[in-house]
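Remarks on the overall topology
Each chain is listed here by its residues.
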Amino acid sequence: YTEADPVALLTNVLAGFGCLAGHSACALVNSDKHPARLFFVQVGETGGGRKGVARGVTGDLIKATDSTMRFKAGGLSSGEGLIWELRDPIWEQRAIKEKGRVTGYQQVQTDAGIEDKRLLLVEPEFATVLKMIERQGNSLSGILRQAWDGDDLSPMTKNNRISATGTHLVLIVHITREELLRYLTETERANGFANRFIFLLVRRSKIIPSPKPIPESLLKLLITRLDDAHDYANKCGFISRSAAAEQDWEKIYGQLSDRKPGMFGAIIGRAEAQVLRLSVTYALLDHSKVIRPEHQQ
(Lines give C-alpha, C1' and ligand atoms only; values in the text may rest on other atoms or scores of the structure.)
Protein backbone atom coordinates (compact mmCIF):
# COMPACT_ATOMS: atom_id res chain seq x y z
CA TYR A 1 0.00 0.00 0.00
CA THR A 2 3.01 2.35 0.15
CA GLU A 3 6.35 3.02 -1.49
CA ALA A 4 7.88 3.84 1.90
CA ASP A 5 10.89 1.91 3.17
CA PRO A 6 9.89 -0.83 5.66
CA VAL A 7 12.65 0.53 7.91
CA ALA A 8 10.98 3.95 7.93
CA LEU A 9 7.56 2.41 8.59
CA LEU A 10 8.94 0.32 11.44
CA THR A 11 10.81 3.14 13.14
CA ASN A 12 7.82 5.47 12.90
CA VAL A 13 5.70 2.85 14.67
CA LEU A 14 8.40 2.19 17.30
CA ALA A 15 8.77 5.92 17.94
CA GLY A 16 5.02 6.52 18.04
CA PHE A 17 4.38 3.60 20.35
CA GLY A 18 7.32 4.58 22.53
CA CYS A 19 5.77 8.00 22.98
CA LEU A 20 2.35 6.49 23.71
CA ALA A 21 3.91 4.23 26.35
CA GLY A 22 5.36 7.13 28.33
CA HIS A 23 8.25 6.85 30.78
CA SER A 24 6.75 4.82 33.65
CA ALA A 25 7.54 1.48 31.97
CA CYS A 26 11.32 1.24 31.88
CA ALA A 27 14.45 -0.80 32.49
CA LEU A 28 16.97 0.20 35.14
CA VAL A 29 20.75 0.44 34.76
CA ASN A 30 21.98 1.34 38.23
CA SER A 31 19.66 4.28 38.94
CA ASP A 32 19.26 5.35 35.30
CA LYS A 33 15.85 4.70 33.78
CA HIS A 34 15.56 3.59 30.16
CA PRO A 35 11.98 3.74 28.83
CA ALA A 36 10.88 3.39 25.21
CA ARG A 37 12.24 6.88 24.50
CA LEU A 38 13.96 6.88 21.11
CA PHE A 39 15.50 9.45 18.77
CA PHE A 40 15.68 8.36 15.10
CA VAL A 41 17.46 9.96 12.14
CA GLN A 42 16.09 8.84 8.78
CA VAL A 43 18.73 9.49 6.12
CA GLY A 44 17.47 9.47 2.54
CA GLU A 45 17.08 11.40 -0.67
CA THR A 46 14.73 14.37 -0.78
CA GLY A 47 11.43 13.01 -2.11
CA GLY A 48 12.98 9.76 -3.29
CA GLY A 49 13.47 8.46 0.26
CA ARG A 50 9.69 8.56 0.88
CA LYS A 51 10.30 9.65 4.50
CA GLY A 52 7.16 11.77 4.64
CA VAL A 53 5.03 8.99 3.14
CA ALA A 54 6.06 6.66 5.97
CA ARG A 55 5.11 9.28 8.54
CA GLY A 56 1.65 9.75 7.05
CA VAL A 57 0.82 6.04 6.94
CA THR A 58 1.92 5.31 10.51
CA GLY A 59 0.76 8.61 12.01
CA ASP A 60 -2.87 7.64 11.46
CA LEU A 61 -2.31 4.46 13.49
CA ILE A 62 -0.80 6.32 16.43
CA LYS A 63 -3.40 9.10 16.46
CA ALA A 64 -6.23 6.57 16.36
CA THR A 65 -4.72 4.74 19.34
CA ASP A 66 -4.54 7.82 21.60
CA SER A 67 -5.79 11.13 20.27
CA THR A 68 -4.65 12.96 23.44
CA MET A 69 -0.93 12.43 22.73
CA ARG A 70 0.61 15.48 21.13
CA PHE A 71 2.31 15.53 17.72
CA LYS A 72 4.34 18.39 16.36
CA ALA A 73 5.99 18.67 12.95
CA GLY A 74 8.91 21.05 12.43
CA GLY A 75 9.88 24.20 14.28
CA LEU A 76 12.75 22.73 16.31
CA SER A 77 15.11 25.70 16.66
CA SER A 78 15.99 26.46 20.30
CA GLY A 79 16.15 24.81 23.69
CA GLU A 80 13.80 27.38 25.16
CA GLY A 81 11.25 26.74 22.40
CA LEU A 82 11.34 23.01 23.06
CA ILE A 83 10.90 23.50 26.81
CA TRP A 84 7.91 25.74 26.12
CA GLU A 85 6.21 22.83 24.33
CA LEU A 86 6.62 20.73 27.51
CA ARG A 87 6.49 23.46 30.15
CA ASP A 88 5.38 23.20 33.77
CA PRO A 89 2.84 25.69 35.16
CA ILE A 90 4.38 29.16 35.46
CA TRP A 91 3.98 31.10 38.69
CA GLU A 92 4.90 34.69 39.45
CA GLN A 93 5.19 36.52 42.74
CA ARG A 94 3.04 39.62 42.68
CA ALA A 95 2.58 42.36 45.18
CA ILE A 96 -0.65 42.75 47.17
CA LYS A 97 -1.52 46.41 47.41
CA GLU A 98 -3.97 48.24 49.63
CA LYS A 99 -4.53 51.95 49.02
CA GLY A 100 -1.38 52.06 46.92
CA ARG A 101 0.81 50.44 49.59
CA VAL A 102 2.37 46.97 49.31
CA THR A 103 1.07 44.82 52.18
CA GLY A 104 2.39 41.44 51.06
CA TYR A 105 3.06 39.12 48.18
CA GLN A 106 1.24 36.20 46.59
CA GLN A 107 2.01 33.51 44.03
CA VAL A 108 -0.12 33.86 40.89
CA GLN A 109 -0.29 31.25 38.13
CA THR A 110 0.26 33.01 34.81
CA ASP A 111 0.34 29.90 32.61
CA ALA A 112 -1.28 26.50 33.19
CA GLY A 113 1.58 24.64 31.50
CA ILE A 114 1.29 21.33 29.64
CA GLU A 115 -0.39 18.47 31.52
CA ASP A 116 0.56 15.60 29.18
CA LYS A 117 4.36 15.64 28.91
CA ARG A 118 4.47 13.16 26.02
CA LEU A 119 5.47 14.73 22.73
CA LEU A 120 6.21 13.05 19.39
CA LEU A 121 8.21 15.54 17.39
CA VAL A 122 8.94 15.03 13.68
CA GLU A 123 11.52 17.40 12.21
CA PRO A 124 11.68 17.12 8.40
CA GLU A 125 14.55 19.65 8.14
CA PHE A 126 17.25 18.30 10.46
CA ALA A 127 19.96 20.07 8.45
CA THR A 128 18.45 23.40 9.54
CA VAL A 129 18.49 22.21 13.16
CA LEU A 130 22.18 21.26 12.93
CA LYS A 131 22.99 24.71 11.56
CA MET A 132 20.98 26.36 14.36
CA ILE A 133 22.85 24.37 17.00
CA GLU A 134 26.16 25.86 15.82
CA ARG A 135 24.99 29.40 16.57
CA GLN A 136 26.56 30.91 19.65
CA GLY A 137 24.23 30.81 22.63
CA ASN A 138 21.84 28.23 21.16
CA SER A 139 20.97 25.72 23.91
CA LEU A 140 19.17 23.16 21.75
CA SER A 141 21.92 20.52 21.72
CA GLY A 142 22.16 20.43 25.50
CA ILE A 143 18.39 20.42 25.99
CA LEU A 144 17.92 17.55 23.54
CA ARG A 145 20.60 15.53 25.33
CA GLN A 146 18.82 16.14 28.63
CA ALA A 147 15.47 15.18 27.09
CA TRP A 148 16.87 11.85 25.84
CA ASP A 149 18.33 11.18 29.29
CA GLY A 150 15.01 11.99 30.97
CA ASP A 151 16.40 14.90 33.01
CA ASP A 152 14.32 17.91 33.98
CA LEU A 153 14.67 20.67 31.39
CA SER A 154 15.60 24.22 32.31
CA PRO A 155 17.72 26.68 30.31
CA MET A 156 20.45 28.59 32.12
CA THR A 157 19.02 32.05 31.48
CA LYS A 158 18.27 34.91 33.86
CA ASN A 159 15.07 36.01 32.18
CA ASN A 160 11.93 34.06 31.31
CA ARG A 161 12.79 31.13 33.57
CA ILE A 162 10.72 28.18 32.40
CA SER A 163 11.16 24.53 33.22
CA ALA A 164 9.74 21.16 32.19
CA THR A 165 9.71 18.14 34.49
CA GLY A 166 8.62 14.55 33.86
CA THR A 167 8.95 14.97 30.10
CA HIS A 168 8.85 12.19 27.53
CA LEU A 169 10.10 13.44 24.16
CA VAL A 170 10.39 11.09 21.19
CA LEU A 171 12.04 12.46 18.07
CA ILE A 172 12.17 11.53 14.38
CA VAL A 173 14.27 13.71 12.07
CA HIS A 174 14.87 13.61 8.31
CA ILE A 175 18.05 14.55 6.46
CA THR A 176 19.92 13.71 3.27
CA ARG A 177 23.28 11.96 3.37
CA GLU A 178 25.06 14.99 1.90
CA GLU A 179 23.57 17.37 4.48
CA LEU A 180 24.40 15.00 7.33
CA LEU A 181 28.06 14.80 6.36
CA ARG A 182 28.24 18.56 5.85
CA TYR A 183 26.48 19.81 8.97
CA LEU A 184 27.12 17.24 11.70
CA THR A 185 30.15 18.93 13.24
CA GLU A 186 33.02 17.51 15.25
CA THR A 187 31.57 19.16 18.37
CA GLU A 188 28.20 17.42 18.09
CA ARG A 189 29.89 14.11 17.34
CA ALA A 190 32.13 14.40 20.38
CA ASN A 191 29.74 15.79 22.99
CA GLY A 192 27.25 12.90 23.00
CA PHE A 193 24.61 14.61 20.86
CA ALA A 194 24.94 12.36 17.81
CA ASN A 195 25.02 9.04 19.67
CA ARG A 196 21.67 9.70 21.30
CA PHE A 197 20.18 9.20 17.83
CA ILE A 198 19.80 5.95 15.88
CA PHE A 199 20.82 6.62 12.25
CA LEU A 200 18.98 4.72 9.53
CA LEU A 201 19.22 4.69 5.76
CA VAL A 202 15.80 4.81 4.06
CA ARG A 203 14.97 4.35 0.37
CA ARG A 204 11.83 3.96 -1.69
CA SER A 205 11.00 0.27 -1.43
CA LYS A 206 8.94 -0.19 -4.59
CA ILE A 207 7.13 1.67 -7.36
CA ILE A 208 3.35 1.97 -6.98
CA PRO A 209 1.94 4.47 -9.52
CA SER A 210 -1.48 4.54 -7.82
CA PRO A 211 -1.25 3.49 -4.14
CA LYS A 212 -4.50 2.19 -2.69
CA PRO A 213 -5.78 3.09 0.78
CA ILE A 214 -4.99 0.62 3.54
CA PRO A 215 -8.14 -1.50 4.09
CA GLU A 216 -10.17 -0.43 7.10
CA SER A 217 -10.16 -3.98 8.47
CA LEU A 218 -6.35 -4.04 8.55
CA LEU A 219 -6.15 -0.60 10.13
CA LYS A 220 -8.60 -1.61 12.86
CA LEU A 221 -6.57 -4.73 13.63
CA LEU A 222 -3.33 -2.75 13.96
CA ILE A 223 -4.99 -0.02 16.04
CA THR A 224 -6.44 -2.63 18.41
CA ARG A 225 -3.04 -4.27 18.86
CA LEU A 226 -1.35 -0.93 19.53
CA ASP A 227 -4.11 0.10 21.91
CA ASP A 228 -3.76 -3.12 23.92
CA ALA A 229 0.02 -2.69 24.13
CA HIS A 230 -0.48 0.93 25.18
CA ASP A 231 -2.78 -0.14 28.02
CA TYR A 232 -0.26 -2.75 29.10
CA ALA A 233 2.61 -0.24 29.12
CA ASN A 234 0.66 2.10 31.40
CA LYS A 235 0.57 -0.52 34.17
CA CYS A 236 3.77 -2.45 33.47
CA GLY A 237 6.35 -0.71 35.68
CA PHE A 238 9.94 -1.92 35.70
CA ILE A 239 11.23 -4.31 33.04
CA SER A 240 14.09 -6.79 33.39
CA ARG A 241 15.80 -9.40 31.21
CA SER A 242 14.97 -13.09 31.25
CA ALA A 243 17.79 -15.49 32.15
CA ALA A 244 18.25 -16.40 28.48
CA ALA A 245 18.30 -12.75 27.43
CA GLU A 246 20.83 -12.00 30.16
CA GLN A 247 23.12 -14.72 28.79
CA ASP A 248 22.87 -13.24 25.30
CA TRP A 249 23.53 -9.77 26.72
CA GLU A 250 26.72 -10.91 28.43
CA LYS A 251 27.98 -12.30 25.12
CA ILE A 252 27.31 -9.14 23.10
CA TYR A 253 27.95 -6.44 25.73
CA GLY A 254 31.70 -6.25 25.11
CA GLN A 255 31.22 -5.69 21.39
CA LEU A 256 28.51 -3.07 21.96
CA SER A 257 30.58 -1.14 24.49
CA ASP A 258 33.89 -1.36 22.58
CA ARG A 259 34.64 2.18 21.44
CA LYS A 260 35.45 2.67 17.76
CA PRO A 261 37.44 5.58 16.26
CA GLY A 262 36.23 8.50 14.18
CA MET A 263 32.73 9.61 13.24
CA PHE A 264 31.49 6.01 13.17
CA GLY A 265 32.65 5.43 16.75
CA ALA A 266 31.15 8.71 17.93
CA ILE A 267 27.75 7.90 16.44
CA ILE A 268 27.50 4.36 17.86
CA GLY A 269 29.03 5.30 21.19
CA ARG A 270 25.78 4.73 23.09
CA ALA A 271 24.99 1.34 21.54
CA GLU A 272 24.31 -0.46 24.83
CA ALA A 273 21.60 2.03 25.84
CA GLN A 274 20.06 2.09 22.37
CA VAL A 275 19.79 -1.72 22.27
CA LEU A 276 18.25 -1.68 25.74
CA ARG A 277 15.63 0.93 24.81
CA LEU A 278 14.73 -0.89 21.62
CA SER A 279 14.35 -4.17 23.53
CA VAL A 280 12.13 -2.44 26.11
CA THR A 281 9.93 -1.17 23.26
CA TYR A 282 9.61 -4.63 21.72
CA ALA A 283 8.87 -6.22 25.12
CA LEU A 284 6.04 -3.75 25.75
CA LEU A 285 4.59 -4.39 22.30
CA ASP A 286 4.57 -8.09 23.30
CA HIS A 287 2.85 -7.35 26.64
CA SER A 288 5.91 -8.59 28.51
CA LYS A 289 7.55 -7.35 31.72
CA VAL A 290 10.55 -9.44 30.71
CA ILE A 291 12.94 -8.77 27.84
CA ARG A 292 13.28 -12.04 25.99
CA PRO A 293 16.09 -12.97 23.53
CA GLU A 294 13.96 -12.08 20.49
CA HIS A 295 13.40 -8.56 21.84
CA GLN A 296 17.17 -8.03 21.98
CA GLN A 297 17.81 -9.69 18.65
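Here is what the cut-offs are and how they apply
Residues numbered from 1 in each chain as written. Predicted model: local features only at pLDDT ≥ 70, side-chain atom pairs only at ≥ 80, totals over all residues. Heavy atoms only, no water. Salt bridge = Lys/Arg side-chain N within 4 Å of Asp/Glu carboxyl O. Helix = DSSP H or I, 4+ residues; strand = E, 2+ residues; numbered from the N terminus. Buried < 20%, exposed > 50% of the residue type's maximum accessible area, 1.4 Å probe, protein only. Phe/Tyr/Trp six-rings, centres within 6.5 Å; stacked < 30°, edge-to-face > 60°. Lys NZ or Arg CZ within 6 Å of the ring centre and 35° of its normal. Expected span 1.5 Å × (residues − 1). Arc of directions from axis to C-beta. pLDDT = per-residue confidence, 0-100. Pairing = 2+ DSSP bridges. Contact = heavy atoms within 4.5 Å. Axes fitted to C-alpha atoms, helices over the stretch in contact; angles between N-to-C directions.

Details of the pattern of salt bridges
Tallying each qualifying case throughout the model produces 13 salt bridges. The partner of Asp88 in a salt bridge is Lys117, and the shortest N-O contact between them spans 2.5 Å. With Asp88 in the loop between α3 (79–85) and β5 (90–98) and Lys117 in the loop between β6 (101–111) and β7 (118–123), this pair connects stretches of sequence that are 29 residues apart. Judged by relative accessible area, which is 12%, Asp88 ranks as buried. Looking at Lys117, the relative accessible area reads 10%, which means it is buried. The partner of Asp116 in a salt bridge is Arg118, with the nearest N and O atoms 2.7 Å apart. Judged by its relative accessible area of 23%, Asp116 falls in the partly exposed class.

So, the packing of aromatic side chains
This model, assessed by the stated rule, comprises six aromatic pairs. Between Phe126 and Phe193, the ring centres sit 6.5 Å apart and the planes meet at 20°, which makes this aromatic pair stacked. Linking Phe126 in helix α4 (residues 126–133) with Phe193 in the loop between α7 (186–190) and β9 (198–201), this pair joins segments that are 67 residues apart in sequence. Considered together, Phe126 and Phe193 belong to a single accessibility category, that of buried residues. Feature note: the residues Phe39, Phe126, Phe193, Phe197 and Phe199 constitute an aromatic cluster, connected by ring pairs. If you follow Arg241 out to its NZ or CZ, it ends over the ring of Trp249, 4.0 Å from the centre. Its end group placed over the ring of Trp148, Arg277 keeps NZ or CZ at 3.5 Å from the ring centre.

A look at helix α8 (residues 216–236)
The terminal C-alpha atoms of α8, which comprises 21 residues, lie 30 Å apart, in line with the 30 Å expected from a rise of 1.5 Å per residue. Along α8, the residues that are buried comprise Leu219, Leu226, Ala229, His230, Tyr232, Ala233 and Cys236. The buried residues of α8 occupy an angular sector of 165° when the element is viewed end-on, so they sit on one face. Relative to its buried face, α8 has exposed residues pointing more than 90 degrees away, namely Glu216, Ser217, Lys220 and Lys235. Note on α8: the residue one or two positions beyond its end, Gly237, has a positive phi of about 80°.

So, the confidence of the model for the protein chain
Averaged over every residue, the pLDDT of the protein chain is 90; residues scoring 70 or more account for 97%. Per-residue pLDDT, averaged within each element of the protein chain, yields its smallest value for helix α2 (residues 51–65) (79) and its largest for strand β11 (residues 290–291) (98).

Thoughts on the pairing of strand β2 (residues 32–35)
Alignment of strand β1 (residues 26–29) against β2, held across four bridges, turns out to be antiparallel. Following the sheet pairing, Leu28 is matched in β2 by Lys33.

What to know about the sheet that holds β1
Pairing is mixed in the open sheet, where four strands are placed in the order β2-β1-β10-β11. In the strand order of this sheet, the two ends are held by β2 and β11, each with one partner. Summarising the sheet, β1 and strand β10 (residues 238–241) pair through two bridges and their orientation is parallel. Looking across to β10, one finds that Ala27 is bridged to Ile239. Docked against the sheet, helix α11 (residues 271–285) engages β1, β2, β10 and β11, running at close to 50° with respect to β2.

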